[in-house]
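Examination of the molecular architecture
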Amino acid sequence: MTENTSKSAVEIHNKIKEGSLTSVGVVQEVFQAISNTDSKLEAFTEVYKESALEAAKKIDQQIAAGEDPGPLAGVPFSIKANICSQEGETDAASQILKGFNSPYPATVVNKLIEAGGVLIGKTNMDEFGMGSSTENSSKSTTKNPWDTGCVPGGSSGGAASAASAYGYIHLGSDTGGSIRQPSSYCGVTGLKPTYGRVSRFGLLAFASSLDQIGPISRTAEECALALSIISGKDPRDSTSAEVPHENYLENLTTEIEGSTLGIPKEYFEEGIEPEVRQRIEETIDQYRALGVGIEEVSLPHTSYANPTYVLISAAEASSNLSRYDGIHYGHRSDQSVDLEQLYSNSRGEGFGPEVKRRILVGTFVLSSGYYDAFYRKAMKVRRLIRKDFEDVFKKVDAVICPTSPVPAFPLGSRLDDPLKLYLVDILTVSANLAGIPGISFPCGFTSAGLPVGTQLLGRPFEESRLLSLVHAFQSQSDHHLRRPPVLEGS
Amino acid sequence: MSIEITEALISHIATLARLGLSESEIAEIQGHFEKVLHYVEALDKLDTESVDPSIFTNDAINMLEQDSPHAPLGQELALKNGPEVDEDSFLVPRIIAEAGNEAGGGKASP
Amino acid sequence: MAQKSKTQSIASHPKWEAVLGLEVHVQLQTQTKIFCRCPNSYGQSPNALTCPTCLGLPGALPVLNEKVVELAAIAGLALGSKVAEFTKFDRKNYFYPDLPKGYQISQFDQPICEGGEVQIQVDGKEKTIRLVRMHLEEDAGKNIHIEGKPQSRVDLNRAGVPLLEIVSEPDLRSPLEAATYMRKLRTTMLYLGVSDCNMEEGSLRCDCNISIRPRGSTELGTRTELKNINSFSFVQSACEYEISRQIQMREAGREIIQETRLYDSVKNETRSMRGKEEAHDYRYFPEPDLTPVTISKEDLNTYKKGLPELPDQAFERLTSDLDLPQYDAEVLTQDPEVLRYFDSCREEIDEPKKISNWIINDVFQRMNEMKVGIGSLGLPPERLVGIIRSVEEKKVSVANGREVLKKMFGNDQPIEKIIEEMGVGMISDDGLIESALAEAMEEHPHVVEDIKNGKDAAKNFLMGQVMKRTRGKANPGQVMKLIQERIL
């Protein structure tokens, strides 16, 4: 492990700004770390060494000239492979977009670059975000830095694995837990903002009503820095919310005494591995010690959340992925004599098995005769799930629960049964259905040395509170400071 | 809602989704459908008769934009990623001409 | 099967009655597309007017153009629809190369307008056609077949152009009613400034739902749908063909199949698209990328106050207030540009009938020759008024005045100068007229006798002779006065 990749992005930024470090040096160092370790992790699908060093050089020149290159000046960041950049390919780890070069960047990429951030590459993911292990990728299988025989989680597994191994800021996207669950598996901090807090313009849609971009980093502080930059109303995303801009980094506090956390009893009922349960209970005790009120609450419709999620996300995905048809961009089958064959062959060849399954389920639940029984029903249950949270947030400021019922599982162990894989999402999907913010942070390890993540879910647009709750915890604990064994000997 | 998941149903859905499937894929998907539908059957237990569907994730309304033009991307960038293009258009296998001169005529779908 | 020659009019068919409903698509007149700010403009180089959103690129999102909401609400108010307080968009899913996202953003169960009606007049009878709804949606691009090649071209410039789809109840009973209804919608949209309704450019198109039933029956028969008809005459001929095809089917004891058919204007027939439909199920669901839209009472009141005069009101004004014949009023109110021109003329000179005559006879002739609108003739209203005045003031005769007008299009020389150059200025010089009259009287002594004997018609003959000798330039009043003085 190199010296600077162990420091936080906030610290690095300050050093670059005051001139004790150069951005070029920092960027070179991170590329060195990637070249040392990433053959073992395969977290990155692409790195942009040349353009990153050029950008870093400019930042250094600006600083030398006394200019302010922005709040992220010189800090390396990466984006998940489903976020558009003009640099390289944007393919969402799908064959169907092999070679696709976006003619425009996502709003979040623009914002980070304008803030002085240096884009170093794209991270691996489950194809179009569909998966919880980053094994459904056309690119590679990303490994968990804590045990390279285990999955990093998914779908933002590349981003979480990279955050754990290399530090800095890695943007992921979260449709049903895709930021939080891999963050928990890789021992890092990942925030899914409130729906509408961050622009989705330039994010390849999986399920439009659930998708949200968010940061994955080692600490809440770094997430706060990133969120301050990427959040805000975007005129190009109608669903981005018109709420005042916040400086989450400045808002960060360890003064959390007097807050109340709710323990939703339904989240602890079944299927939680004992070691995971223990770590969460220890975390709750620590919060108690920090002066936080703890009370049991009920989210009665919790068990319906995952089936609801399965239906809604598939339905929206079936429509969102219709644009990948081999006509205007992406893979076109050469086995086609007419238009109908072109469609079905291009899509049949281009999409992986899990994406096909979800497209078909989604097409089915929207189709004539089944819409009311499945899609409409799910939208109604979604209302009940949202209502559960509205009621609970009248009593408590946030709820606390495990991020995933299990820690990282061995590669390949859940591939044979897609449904079994869906079950690792049961504790994360509710936040997406309700549109509320959620954060996962490291709260300890299993006896096998795998990280365990705690999840906090908060009221809409109360990211500041969640970040402070985690920040306060992190200032009293060192789980986030432990470095994964993959770095040893690198 | 009890539904028999037949191969014919899977084929029909695959046609709607324009998704070419091999025979083994159809069989696999058939099994998957059965599991998923069984899994979501849990929702049937809930009485949602008087519940309004939750259509929008947040309360945002009237996100509109003024009617003033921005510069388009332009022909070259528009066609850049096209798998088959000529000097100004995307090319597709011949579409049987409908309604006279113009194939498809736009609004109409076949 | 069905005859191609025009069959007996369905309106008077003894046994069968036709039932037609129209879905009219109107392209809205905006600067930009409905969900992106690419220019809404026709006739540009293919794919030049595109951006990530209308190309359906990965990650791109739609943002609704506020102008389309306003235009749709205005159209709704003008047609007596209930404009929704809350409206939302839905996705209509289908695959076609001109639809880059694989779905069309449209409105399904909460359209912007519901109800409303359109008054039409056919064979002198007033009829009310009820509307079901109007909804907003995006237009698709164009697939263009390349002659002699195994490929088609796709141009997405039109993808995302705003459309208002106006759906009528099945209240129409004949192809003529259908065409009349479509014309009336066109005129109304033009008045409102909602659309340029340019049919050659496809700004106004329609789908026709057609069924027949035994006269006296109140049940609806199985219907067929004719897609994408883009002219008034095609609406009429396509419906005529389809109705007679259905009658022949039924009379041969065969069932009508519910299907979409295409009208081939070259062969004048409709063809089945059978076999393609089973692959479609539009799977409508709410568009999650757009927010719903609310329209406030205040906004509606503002739009209502701003509503312009509508064709029926203009007709009423022209016939009742200005005493114009029905024919004149009908012709002048067809096109709001013409009506505005007429009204501008009236501000200068209060002679509605004279202005109408000049416009309907002389100005229209020029418009037809040039195939342009009244505004593009190079004849501002005050210039038309100028020539009308010149005739009134006896500076030129009516007949010569019409010749002078022909020289005035695109020509801003003073009218007097044109008259002078043409040598057609009216002669009021007694000496010149007198000498011409003297010549005529000498040549036609029996006419002079006839006049003396009280034959008034003979005066006109003599007048004609004077006109001939003055090349039509003599002031007719003065000629008549001199005839009286010299002969009686």
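Attention now goes to the overall build of chain B. Within chain B one finds three helices and two strands. N-terminal to C-terminal, the α/β element order of chain B is α-α-β-α-β. Burial analysis of chain B (110 residues in total) assigns 50% to the buried set. The contacts of chain B with a sequence gap of at least 6 include a subset with a gap of at least 24, amounting to 21%. Put simply, chain B shows about 5,500 Å² of open surface, and 49% of that area lies on carbon and sulfur atoms.

With that settled, the discussion passes to the domain arrangement of chain C. Residues and elements named next belong to chain C. Here chain C is described as being made up of domain 1 (13–298), domain 2 (309–422) and domain 3 (430–487). A straight line from the C-alpha centre of domain 1 to that of domain 2 covers 36 Å. Note on domain 1 versus domain 2: buried area summed over both sides is about 780 Å², and carbon and sulfur give 61% of it. On the domain 1 side of the contact with domain 2, K184, T187 and Y191 bury the most area, a combined 64% of that side's loss. Summed over the shared surface of domain 1 and domain 2, the number is one salt bridge. Residues D312 and K184 are paired through a salt bridge, measuring 2.9 Å at the closest nitrogen-oxygen approach. Summed over the shared surface of domain 1 and domain 2, the number is two residue pairs in polar contact (both at pLDDT 80 or more).

All names here are of chain A. By the element assignment, T428 lies in the loop between helix 14 (418–422) and helix 15 (429–434). Spatially, the C-alpha atom of T428 lies 8.6 Å from that of S178, the residues being 250 residues apart in sequence. If near-sequence neighbours (up to four positions away) are discounted, T428 is found in contact with G176, G177, R180, T403 and Q455. Separated by 2.6 Å, the side chain of T428 and the backbone oxygen of G176 make a polar contact.

Pairing is antiparallel in the open sheet, where three strands are placed in the order 2(B)-11(C)-10(C). Looking at the sheet topology across the chains shown, the edges are occupied by strand 2 (90–93) of chain B together with strand 10 (142–145) of chain C. Averaged over all adjacent pairs, the angle separating strand axes in this sheet is 35 degrees, with direction ignored.

Right, let's talk about the interface of chain B and chain A for a bit. In this complex, chain B contributes 51 residues to the contact, which on the side of chain A involves 67 residues. Between chain B and chain A, roughly 5,200 Å² of surface is buried when both sides are summed, and carbon and sulfur atoms account for 67% of that area. Put simply, chain B and chain A have five salt bridges between them. R18(B) is paired through a salt bridge with E340(A); the nearest N and O atoms lie 2.8 Å apart. Our count for the contact surface shared by chain B and chain A stands at 25 residue pairs in polar contact (both at pLDDT 80 or more). Those elements that place two or more of their residues in the side of chain B that touches chain A are helix 1 (7–16), helix 2 (23–40) and strand 2 of chain B. Sorting elements by how many residues they give to the side of chain B that touches chain A places helix 2 of chain B first, with ten residues. For the side of chain B that touches chain A, a count of residues per class yields 31 nonpolar, eight polar and twelve charged.

In this section: the packing of aromatic side chains. Following the criterion strictly, the structure yields 22 aromatic pairs over all chains and no others. Plain terms: the ring middles of Y94(C) and Y282(C) are 5.7 Å apart, the flat faces sit at 70 degrees to each other, and that makes the pair edge-to-face. Linking Y94(C) in the loop between strand 5 (90–93) and strand 6 (103–106) with Y282(C) in the loop between strand 16 (269–272) and strand 17 (285–286), this pair joins segments that are 188 residues apart in sequence. Classification of Y94(C) by relative accessible area gives buried; the value is 2%. An angle of 15 degrees between the planes, with centres 4.2 Å apart, marks the rings of F108(C) and Y284(C) as stacked. Here the residue F108(C) occupies a position in the loop between strand 6 and strand 7 (113–114), and Y284(C) occupies one in the loop between strand 16 and strand 17, the gap between them amounting to 176 residues. Given a relative accessible area of 42%, F108(C) falls into the partly exposed group. Members of the aromatic cluster, each reached through a chain of ring pairs, are F100(A), F128(A), Y324(A), Y329(A) and F351(A).

Listed by partner, the interface residues are 47 residues for chain B and 69 residues for chain C. Across the chain B-chain C interface, the total number found is four salt bridges. Note that R153(C) is salt-bridged to D88(B), the shortest N-O span being 4.0 Å. Among the secondary structure elements, those contributing two or more residues to the side of chain B that touches chain C are helix 1, strand 1 (64–65), helix 3 (75–79) and strand 2 of chain B. Among the elements that line the side of chain B that touches chain C, the one with the most residues is strand 2 of chain B, at four residues. Classifying every residue of the side of chain B that touches chain C gives 23 nonpolar, 13 polar and eleven charged. Pairing geometry for strand 1 of chain B and strand 2 (residues 64–65) of chain C, over two bridges, is parallel. Across the sheet, the residue bridging to L64(B) is L64(C), located in strand 2 of chain C.

Moving on, we get to the pairing of strand 3 (residues 118–123) of chain A. All names here are of chain A. When you tally the buried positions in strand 3, you get six out of six residues, the bulk of the element. Pairing between strand 2 (residues 76–80) and strand 3: five bridges, direction parallel. Each bridged residue has a counterpart across the sheet, and for I79 the counterpart in strand 3 is K122. Following the backbone out of strand 2, through helix 4 (residues 107–114) and into the adjacent parallel strand 3, one traces a crossover that is right-handed.

Further remarks concern unusual backbone geometry. Residue S155(A) is bonded to the preceding G154(A) through a cis peptide linkage, with omega at 10 degrees. Here S155(A) shows up in the loop between strand 3 and helix 5 (157–166). If you check the backbone angles, A93(A) has positive phi at about 55 degrees while not being a glycine. Considering the arrangement of structural elements, one finds A93(A) in the loop between strand 2 and helix 4. A relative accessible area of 0% places A93(A) in the buried class. One non-glycine residue, K394(C), lies in the positive phi region at around 60 degrees. Mapped onto the fold, K394(C) is located in the loop between helix 9 (381–392) and helix 10 (398–408).

What follows covers helix 7 (residues 220–230) of chain A. What sets the pattern is the α-helix's 3.6 residues per turn: residues three or four places apart point alike. All names here are of chain A. Buried residues dominate helix 7, accounting for ten of its eleven residues. Listed in full, the buried residues belonging to helix 7 are A220, E222, C223, A224, L225, A226, L227, S228, I229 and I230. The positive-phi residue at the C-terminal boundary of helix 7 is G232, with phi of around 125 degrees.

On the basis of which strands lie adjacent, the open sheet formed by three strands has the order 6-5-17 (chain C) and antiparallel pairing. If you trace the sheet from one side to the other, it starts and ends with strand 6 and strand 17 of chain C, each paired once. Bridge analysis of strand 5 of chain C against strand 17 of chain C gives two bridges, and the strand direction is antiparallel. When the bridges of strand 17 of chain C are listed, D90(C) appears paired with P286(C). Each of strand 5, strand 6 and strand 17 of chain C is contacted by helix 10 (residues 302–320) of chain A, which is oriented at about 60 degrees to strand 5 of chain C, the strand it contacts most.

A few words on the nonpolar core. Counting 181 residues, the largest nonpolar core has F128(A), Y287(A), F364(A), F389(A), L456(A) and L467(A) as its most contacted members. When sequence neighbours within four positions are dropped, the list of residues in contact with L467(A) reads L191(A), A220(A), C223(A), A224(A), L227(A), Y248(A), L252(A) and I439(A). Residues L79(C), C113(C), L192(C) and L226(C) belong to the second largest nonpolar core, which totals 105 residues.

So, about the pairing of strand 7 (residues 260–264) of chain A. Residue and element names in this part refer to chain A. Burial of strand 7 is extensive: four of the five residues sit out of reach of the surface. Regarding the hand of the β-α-β motif, the stretch spanning strand 7, helix 9 (residues 274–289) and strand 8 (residues 293–297) is right-handed. Bridge count between strand 7 and strand 9 (residues 398–402): two bridges; the pairing is parallel. When the sheet's bridge partners are listed, L261 is paired in strand 9 with A398.

Our focus in this paragraph is the packing of helix 12 (residues 353–366) of chain A against helix 1 of chain B. For any two helices packed against each other, the geometry comes down to the angle between their axes and how far apart the axes lie. One way to put it is that helix 12 of chain A packs onto helix 1 of chain B with a least axis distance of 9 Å and a crossing angle of 95 degrees. Classed by the angle they form, the pair helix 12 of chain A and helix 1 of chain B counts as roughly perpendicular. Of helix 1 of chain B, the residues touching helix 12 of chain A (which contributes L360(A), T363(A) and F364(A)) are L9(B), I13(B), A14(B) and L16(B). Considering only residue class, the contact of helix 12 of chain A with helix 1 of chain B consists of six nonpolar, one polar and no charged.

All right, on to the pattern of salt bridges then. Under the criterion given, the structure shown has 62 salt bridges over all chains. Among the salt bridges present, the one from E393(C) reaches K395(C), with a minimum N-O distance of 2.9 Å.

Reading the values: rules and limits
- Residue numbers here run from 1 along each chain, matching the order of that chain's written sequence.
- Written order decides the labels, with chains lettered from A and ligands numbered from 1.
- Where totals are concerned, whole chains, interfaces and linings use all residues; where local detail is concerned, this predicted model gives features only for residues with pLDDT of at least 70, and gives and counts side-chain atom pairs only at 80 or more.
- Only heavy atoms go into the side-chain values, all of them from the structure, while hydrogens and water stay out.
- Numbering of helices and strands runs from the N terminus; a helix is a DSSP stretch of H or I covering at least four residues, while a strand is a stretch of E covering at least two.
- Under the scheme applied here, a residue whose accessible area is under 20% of the maximum for its type counts as buried, over 50% as exposed, and between as partly exposed, the area being computed with a 1.4 Å probe on protein chains only.
- Residue contacts are counted whenever heavy atoms from the two residues lie within 4.5 Å of one another.
- For the area figures, the Shrake-Rupley method with a 1.4 Å probe applies, and any residue is considered shielded solely by the protein chains shown.
- The split into domains, and so the bounds of each, comes from an automatic or database assignment of domains.
- Summed over both partners, buried area is the accessible surface (1.4 Å probe) that two parts give up on being assembled.
- Salt bridges are identified by distance alone: a Lys or Arg side-chain nitrogen within 4 Å of an Asp or Glu carboxyl oxygen.
- We define a polar contact as two N or O atoms separated by no more than 3.5 Å, with the added condition that, inside protein, one atom must be a possible hydrogen donor and the other a possible acceptor, whereas residues neighbouring each other in sequence contribute only through side-chain atom pairs.
- Any two strands are treated as partners once DSSP identifies two or more bridges connecting them.
- All axes are obtained by fitting lines to C-alpha atoms, using only the stretch in contact for helices, and the reported angles, taken between N-to-C directions, cover 0 to 180 degrees.
- Each residue is assigned to one class: nonpolar for Ala, Val, Leu, Ile, Met, Phe, Trp, Tyr, Cys and Pro, charged for Asp, Glu, Lys and Arg, and polar for all the others, Gly among them.
- When the centres of two rings from Phe, Tyr and Trp lie within 6.5 Å, Trp using its six-membered ring, the rings pair. Their planes under 30 degrees apart give stacked, over 60 give edge-to-face, and anything left gives tilted.
- We call a crossover right-handed when, viewed with the strands running away from us, the connection from the first strand over the helix to the second turns clockwise.
- Here, nonpolar core refers to any group of buried Ala, Val, Leu, Ile, Met, Phe, Trp, Tyr and Cys residues whose side-chain atoms link them within 4.5 Å.
- Here is the rule for angles: anything less than 35 degrees is roughly parallel, anything more than 145 is roughly antiparallel, 65 through 115 is roughly perpendicular, and the remaining ranges are oblique.

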